[in-house]
Amino acid sequence: MIPAGGATVSVVTPSFNQGEFIAEAIRSVLDQEYPEIEYMIVDGGSSDGTLEILRQTDGRVRWVSEPDRGQTDAINKGWRRATGDIVAWLNADDFYYPGALQQVETFFEAHPEVDGLYGDCDYVDREGRYLRPYPTRPYDYLLLVREALDFIPQPATFLRRRVLESVGFLDESLHYVMDFEYWLRVGLRHALAYMPVRLAATRLHSEAKSVRSGPGFARELVLVYERLFAGPDLPPAVRAIKNEAMGNAYYQAAARCFWEGAPREARDYARRCWEYSTGARRSALAAMVVLGSLGRAGVAVAAGVRRVFHRKQ
């Protein structure tokens, strides 16, 4: 249960050379008008001016700057030091909307059976201008597994401490899908819920890892699904959707590689997806293989067709 005085929310920000954006992330946390915030920034040894910004926080932020093994390691390092009743992580190039933490605490107080909560999130550009909404959906664990699409926006997700105590921390062997893998792991043991309220924004820019992650994302997504269905204690309802889920994981891996200019890898995943597919999916896979054989020229043709199609919608 949340203490009567209100829950402490521990927010961890992993950081490495994000000086262009981190000040906005910090402001979005410190300006929450929520009294019980424990804010930690775990920096990997930035050399771009980040440390000057951190030194100006006047003790309102606990921070450390030292070499680490990447983003996932930094988040885990912060979570292990966190003392709050609710934990979250906010990347250095993302930010919270005003009032987000109060709405999270109020929801958890009203729903003691819920151990994880996520709200809505917006995609914004480099300057913080709105682009489009994150494709969030109401929570359904089987849907999350079957679709192989992460509809839980990481910046807008909050967990009770008992989740860490039960499930453990992020998988430090993962660098692109560590959040999705964690939701899959948490969902097997804990109740999650969706609150249709805008809580955070995630920034799309050329240096963002999520924008340039094609083959790396694909490898990790497929690995996560292979591990999931190799688990000995998987509930029967989850095991029953294995073929459909694996097919979707291979398809998402193929599509990510294709659209991010890695046609050879896209063809490999498309071939692995073929055995799980029928009808329209097979037609899409065939087109991906054919266009992928043309290399980047094939990707350019597909992009042109897609733009024309969307204009007609």
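Residues numbered from 1 in each chain as written. Predicted model: local features only at pLDDT ≥ 70, side-chain atom pairs only at ≥ 80, totals over all residues. Heavy atoms only, no water.

**Student:** What's the story with the packing of aromatic side chains in this structure? I'm lost.
**Tutor:** What characterises a pair of aromatic rings is the spacing of the ring centres plus the angle enclosed by the ring planes. Going through the model one piece at a time under the given rule, you end up with 13 aromatic pairs. Note on Tyr225 and Phe229: the rings are 6.3 Å apart at their centroids and 45 degrees apart in plane angle, and the pair reads as tilted. Taken as a pair, Tyr225 and Phe229 lie in helix H8 (residues 214-230) at a separation of four residues, close to a single helical turn. Each of the two residues, Tyr225 as well as Phe229, counts as buried. Members of the aromatic cluster, connected to one another through ring pairs, are Trp79, Trp89, Tyr182 and Trp183. Sitting over the face of the ring of Tyr97, Arg198 holds its NZ or CZ atom 4.2 Å from the ring centroid. Its end group placed over the ring of Phe217, Arg256 keeps NZ or CZ at 4.1 Å from the ring centre. (Phe/Tyr/Trp six-rings, centres within 6.5 Å; stacked < 30°, edge-to-face > 60°. Helix = DSSP H or I, 4+ residues; strand = E, 2+ residues; numbered from the N terminus. Buried < 20%, exposed > 50% of the residue type's maximum accessible area, 1.4 Å probe, protein only. Lys NZ or Arg CZ within 6 Å of the ring centre and 35° of its normal.)

**Student:** Explanation requested: the nonpolar core in the structure shown.
**Tutor:** The nonpolar side chains of soluble globular proteins are, as a tendency, buried together. Counting 58 residues, the largest nonpolar core has Trp79, Val145, Tyr182, Tyr225 and Phe229 as its most contacted members. It is helix H10 (residues 242-259) that provides the largest number of residues to this core, a total of nine residues. Within the second largest apolar cluster, 34 residues are counted, among which are Leu51, Ala88, Tyr96 and Cys121. (Core = buried A, V, L, I, M, F, W, Y, C linked by side-chain atoms within 4.5 Å.)

**Student:** Would you explain helix H3 (residues 71-81) in this entry?
**Tutor:** Three or four residues apart is the spacing at which side chains of an α-helix point the same way, because the helix has 3.6 residues per turn. By the criterion of burial, H3 is predominantly enclosed, with eight of the eleven residues buried. Its buried side turned inward, H3 meets strand S1 (9-15), strand S2 (37-43), strand S4 (86-89), strand S8 (157-160), helix H6 (161-167) and helix H7 (178-187). (Contact = heavy atoms within 4.5 Å.)

**Student:** Could you clarify how one ought to interpret the environment of Tyr139 in this entry?
**Tutor:** Tracing the sequence through the fold places Tyr139 in the loop between strand S7 (130-133) and helix H5 (141-147). Under the relative-accessibility criterion, Tyr139 is labelled partly exposed at 22%. Sequence-wise, Tyr139 and Ala193 are 54 residues apart; in three dimensions their C-alpha atoms are separated by 5.8 Å. If we skip the residues at most four places from it in the chain, Tyr139 touches Tyr118, Phe151, Ile152, Gly187, Leu192, Ala193 and Tyr194.

**Student:** Explain the environment of Ala249 here, please?
**Tutor:** Note on placement: Ala249 falls in helix H10. The exposure class of Ala249 is buried, given its relative accessible area of 0%. A sequence separation of 24 residues divides Ala249 from Cys273, and the C-alpha atoms of the two residues are 8.2 Å apart. Contacts of Ala249, omitting those with residues within four sequence positions, involve Ala148, Leu221, Val222 and Tyr225.

**Student:** Which parts of the structure should I look at to understand the packing of H10 against helix H11 (residues 263-274)?
**Tutor:** Helix packing geometry: the angle between the two helix axes and the distance between the axes. At a minimum axis distance of 8 Å, the contact between H10 and H11 shows a crossing angle of 165 degrees. The orientation of H10 relative to H11 falls into the category roughly antiparallel. When the axes of H10 and H11 are compared, the crossing they make is left-handed. Taken together, the residues of H11 that come into contact with H10 (itself represented by Gly247, Tyr250, Tyr251, Ala253, Ala254, Cys257 and Phe258) are Pro263, Glu265, Ala266, Tyr269, Ala270, Arg272 and Cys273. Looking at side-chain class alone, the contact of H10 with H11 contains eleven nonpolar, one polar and two charged residues. (Axes fitted to C-alpha atoms, helices over the stretch in contact; angles between N-to-C directions. Parallel < 35°, antiparallel > 145°, perpendicular 65-115°, else oblique. Left-handed = near helix turned anticlockwise from the far one by under 90°. Nonpolar A, V, L, I, M, F, W, Y, C, P; charged D, E, K, R; others polar.)

**Student:** Could you clarify how one ought to interpret empty space enclosed by the protein in this entry?
**Tutor:** Over the atoms, a rolling probe the size of a water molecule traces out where space has been left empty. Under the definition given, this model contains one cavity of 30 Å³ or more. Approximately 40 Å³ is the volume attributed to the largest cavity. Lining the largest cavity are Trp79, Val87, Ala88, Trp89, Gln154, Thr157, Leu159 and Trp183. The leading source of residues in the lining of the largest cavity is S4, at three residues. Taken together, the residues that form the lining of the largest cavity break down as six nonpolar, two polar and no charged. (1 Å grid on protein atoms, 1.4 Å probe; cavity = no way out; pocket = protein on both sides within 12 Å on 5 of 7 lines; lining within 4 Å. Points joined across faces, edges and corners; volume = space filled by probe spheres on them.)

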